[in-house]
Structures are given as C-alpha cells and as structure tokens.
Amino acid sequence: RFLDNRLFATCSDDTTIALWDLRKLNTKVCTLHGHTSWVKNIEYDTNTRLLVTSGFDGNVIIWDTNRCTEDGCPHKKFFHTRFLMRMRLTPDCSKMLISTSSGYLLILHDLDLNKSLEVGSYPILRARRTTSSSDITSSGSSGTRAVGSPCHQNDSGLLSEKTLSRPSQREGLSPRNSLEVLTPEVPGERDRGNCITSLQLHPKGWATLLRCSSNTDDQEWTCVYEFQEGAPVRPVSPRCSLRLTHCIEEANVGRGYIKELCFSPDGRMISSPHGFGIRLLGFDVHCSELVDCLPREASPLREIRSLYSHKDVVLTTKFSPTHCQIASGCLSGRVSLYQPKF
C-alpha cells in the first residue's frame, strides 16, 4: 500500500509490517511489530495519515506514520473480533468493513480512527441478514428475515450480550463508530452458514464485492452488494446498509485457499479467479456502470471473457490502476500478465 509517491508498506505472514522507500529498496525504512499472527490487510487514511492493518490475530491496529522512527511507529489496537479475515476502508475513509470466516460482515459507520474501540464502547446497530433486491420490492424494508446477533453464536465471540441492549445515541442516525453486524445474503445459503474469504470495495464507494464459500466448502460465489445510505425507515428498525444486486457461482477448485478478486479501476468490471484461470465479469454484457444497471431483483453477473494460462489454481488477480493490463497469480507461484489487443 503506497502512502505517498515514494513510501509504501507491506504486510507479511511473519506478523510484521515493513515500510519502504522507492529510492532505497535494499533496506527497510523500519519494521512495525504489534500483530501476533499473519498480517493480511493494509489500509491508509489519507486524511489523518494513519496506517491501518489487520491480521488473523483478530486485531485491527492503527499506526501513526507521522511519528515514525527507525525503531517503528507509535501504534494502538483499534478493534478486535474473532475469525477476522479481511478489513477495508471506503474510498472516503468514512466506514470500515470487516469480514469474518464465520460469515459476518461488520461495518463501522462514521469512522473515527483516533478512538480505540473496546467491547461495550461503541453503539450497536442490531444484527440482521442483508436484503436482496427481491426482498425490498416484495416485502418492503421491514419484511426481511432478521437473524440472531453474532454475540449469541458460540463461534463468533464478537460482542457481549450486554452491549446489544444499548439504544442508539441519535434517533435514526448512526453515532461515531457505530457497529452494524450483517450476515450477507448468499445464493442457495439461506439456511446454511458461509465464510467471507475476500472483501473488496468499488473504487467509487458504491458497492462491496465479496467472495464467499459455504461452511462445508463445497460451493463458492462472487457477490456484489450495493450500499444503502441514509437512516432506517423507522427509528426502531435496524439499519441494513447493503443489498445483494449481482452474484455468480464460482468453480469450487482449490478448497481451503483464499481467492482474491478485484474491481477494475473504473468499477465497470470484476476480475475473479476461476479454476486455473480468471473470469472478467460485468454487471451487464455492455460493461455498464453499476448505477446504470441496478436490477429490481438480484441478477447474475455476466461473463465477458475467460483467460487461462496457469497450470495450478489461481488465487489472486489485480487490474493495473494506470495501464490496460491485468495480472493473475497461482498457487505454484507463477504470475501472468494479460494485455488486450485492439
């Protein structure tokens, strides 16, 4: 993750984060110690110049890059939850999204990174299942099926039961760092759990992109959820910030491995690992903007093209932010670059 035009940070399974300078890549600027397990995400708040990392120890840690020395950066634990998989900031850094291997998606609204969050220190918006487009059109905002809070699940350990009874500090509005707990709707998984292995955000902040697998690891999906902004219809209703708009079933190859997918820089296409290759997916066959083709009911993503050049399971793919190019990497370590011919 680049912090400016020359300084960037990397994270590692050795539990550390490293800062690097493009002008001198033979040595690190400094090494940051604070996590106790594999570090899997780096985000950067350009407003506060705070580095945000998350790892499989369940911790989200904030690093003050304004006061870095050769010995490291001042840091503090911002948030903790069990089974944490991925953490992302929205493009305007107003929200933090966290996915878990127990199937929950957490959203911290009106984000304030300067305040560490302990259990009981943040307002809770009641846990519920996200809505699909068909739920909204057929039964209204209050007609979707609510689910039990993750604090009552033995495998989540997210919150204490006591915190759920705390009312919102502002009727119909989300106070700073209010926590929303969702179980995203996944096709065919209404009555079964799932694991959210990959989490990405639309470059314009319109939607979130998830790669989900069933709890028995026999099915995988790529799902797009549109952000629903604004207050609940009634103050007593729980917020539900996301609704399922598009999805597609994936090749269930390489069970147990995480497949990282991504949006194109303009948000019109999705690149998704698919078996020994990648699929380029669109919201329609014309690769239209998401806001121009929002369906009334959840619709399938459209396959634009498939690219195969690997001899092993593809685990990650990424568009170049500046060039008409895409990369993919597979389990055996091979990286392939693709560039369309015009």
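It should be emphasised that the depicted structure is a prediction, and the values quoted were computed from it without experimental measurement.

1. Brief notes about the sheet that holds strand β7 (residues 75–80)
Argument step 1. Pairing is antiparallel in the open sheet, where 4 strands are placed in the order β4-β5-β6-β7. Bordering the open sheet on either side are β4 (39–45) and β7, each of which pairs with just one other strand. Taking each pair of neighbouring strands and ignoring which way they run, the sheet shows an average axis angle of 25°.
Argument step 2. Note that strand β5 (residues 50–55) and strand β6 (residues 59–64) share 5 bridges and pair antiparallel. Across the sheet, residue T53 finds its bridge partner in β6, namely I61.

2. Topic: the UniProt feature "repeat: WD" (unreviewed entry) in the chain
Argument step 1. In the numbering used here, UniProt assigns the "repeat: WD" (unreviewed entry) feature to residues 32–64.
Argument step 2. Within the segment residues 32–64, helix and strand shares are 0% and 64% respectively, and the terminal C-alpha atoms sit 11 Å apart.

3. A look at the pattern of salt bridges
Argument step 1. A full pass over the atoms with the stated rule returns 17 salt bridges.
Argument step 2. With a closest N to O distance of 3.8 Å, R211 and E250 form a salt bridge. Of this pair, R211 sits in strand β15 (residues 207–214) while E250 sits in strand β17 (residues 242–250); the two residues are 39 residues apart in sequence, bridging distant segments of the chain. Each member of the pair R211 and E250 is classed as buried.
Argument step 3. Measuring nitrogen to oxygen at the nearest pair gives 2.9 Å for the salt bridge that ties E220 to K259. Placement of E220 in strand β16 (residues 220–227) and of K259 in the loop between β17 and β18 (262–263) is noted, with a sequence separation of 39 residues between them. For the residue pair E220 and K259, the accessibility class agrees, reading buried in each case.

4. Brief notes about the packing of aromatic side chains
How two aromatic rings sit relative to each other is set out by the distance from centre to centre and by the angle between their planes.
Argument step 1. Enumeration according to the criterion identifies 3 aromatic pairs in this entry.
Argument step 2. Arranged with centres 6.5 Å apart and planes meeting at 15°, the rings of F8 and W20 form a pair that is stacked. Placement of the pair is F8 in strand β1 (residues 7–11) and W20 in strand β2 (residues 16–21), with a sequence separation of 12 residues.
Argument step 3. Judged by its relative accessible area of 17%, W20 falls in the buried class.
Argument step 4. For the ring pair W38 and F56, a centre distance of 6.0 Å and an interplane angle of 35° mean the geometry is tilted. Taken together, the residues W38 in the loop between β3 (30–33) and β4 and F56 in the loop between β5 and β6 connect sequence positions 18 residues apart.
Argument step 5. Owing to a relative accessible area of 30%, F56 belongs among the partly exposed residues under this scheme.
Argument step 6. The rings of F2, F8 and W20 are connected pair by pair, giving a single aromatic cluster.
Argument step 7. The lysine or arginine in question, K95, covers the ring of F227, its NZ or CZ lying 5.8 Å from the ring centre.

5. Re the environment of P340
Argument step 1. Along the chain, P340 falls in the segment after β25 (335–338).
Argument step 2. Overall, P340 belongs to the partly exposed group, its relative accessible area being 36%.
Argument step 3. Between the C-alpha atom of P340 and that of Q325, which follows or precedes it by 15 residues, the distance is 7.4 Å.

6. Some remarks on the sheet that holds strand β24 (residues 326–330)
Argument step 1. Overall, antiparallel pairing links the 3 strands, which are arranged β23-β24-β25 in an open sheet. Unpaired on one side and paired on the other, β23 (314–319) and β25 mark the two borders of the sheet. Averaged over all neighbouring strand pairs, the angle between strand axes comes to 20°, with direction disregarded.
Argument step 2. Two elements, β24 and β25, share 4 bridges in a ladder whose sense is antiparallel. Within β25, the position partnered with S328 by the bridge is S336.

7. Considerations on the pairing of β4
Argument step 1. Across the 7 residues that make up β4, a large majority, 6, are buried.
Argument step 2. Note that β4 and β5 share 6 bridges and pair antiparallel. Within β5, the position partnered with I42 by the bridge is T53.
Argument step 3. The turn linking β4 back onto β5 is made up of 4 residues, and R49 within it adopts a positive phi angle of 60°.

8. A short note on the environment of I278
Argument step 1. Structurally, the position occupied by I278 is in strand β20 (residues 277–282).
Argument step 2. With 39 residues separating them in the primary sequence, I278 and T317 have C-alpha atoms 7.6 Å apart.
Argument step 3. Contacts of I278, omitting those with residues within four sequence positions, involve S271, S272, P273, R305, S306, L307, V314, T317, I326, S328 and Y338.

What counts and how
Residues numbered from 1 in each chain as written. Predicted model: local features only at pLDDT ≥ 70, side-chain atom pairs only at ≥ 80, totals over all residues. Heavy atoms only, no water. Pairing = 2+ DSSP bridges. Helix = DSSP H or I, 4+ residues; strand = E, 2+ residues; numbered from the N terminus. Axes fitted to C-alpha atoms, helices over the stretch in contact; angles between N-to-C directions. UniProt positions renumbered as here; feature names shortened; annotations may be inferred. Salt bridge = Lys/Arg side-chain N within 4 Å of Asp/Glu carboxyl O. Buried < 20%, exposed > 50% of the residue type's maximum accessible area, 1.4 Å probe, protein only. Phe/Tyr/Trp six-rings, centres within 6.5 Å; stacked < 30°, edge-to-face > 60°. Lys NZ or Arg CZ within 6 Å of the ring centre and 35° of its normal. Contact = heavy atoms within 4.5 Å.

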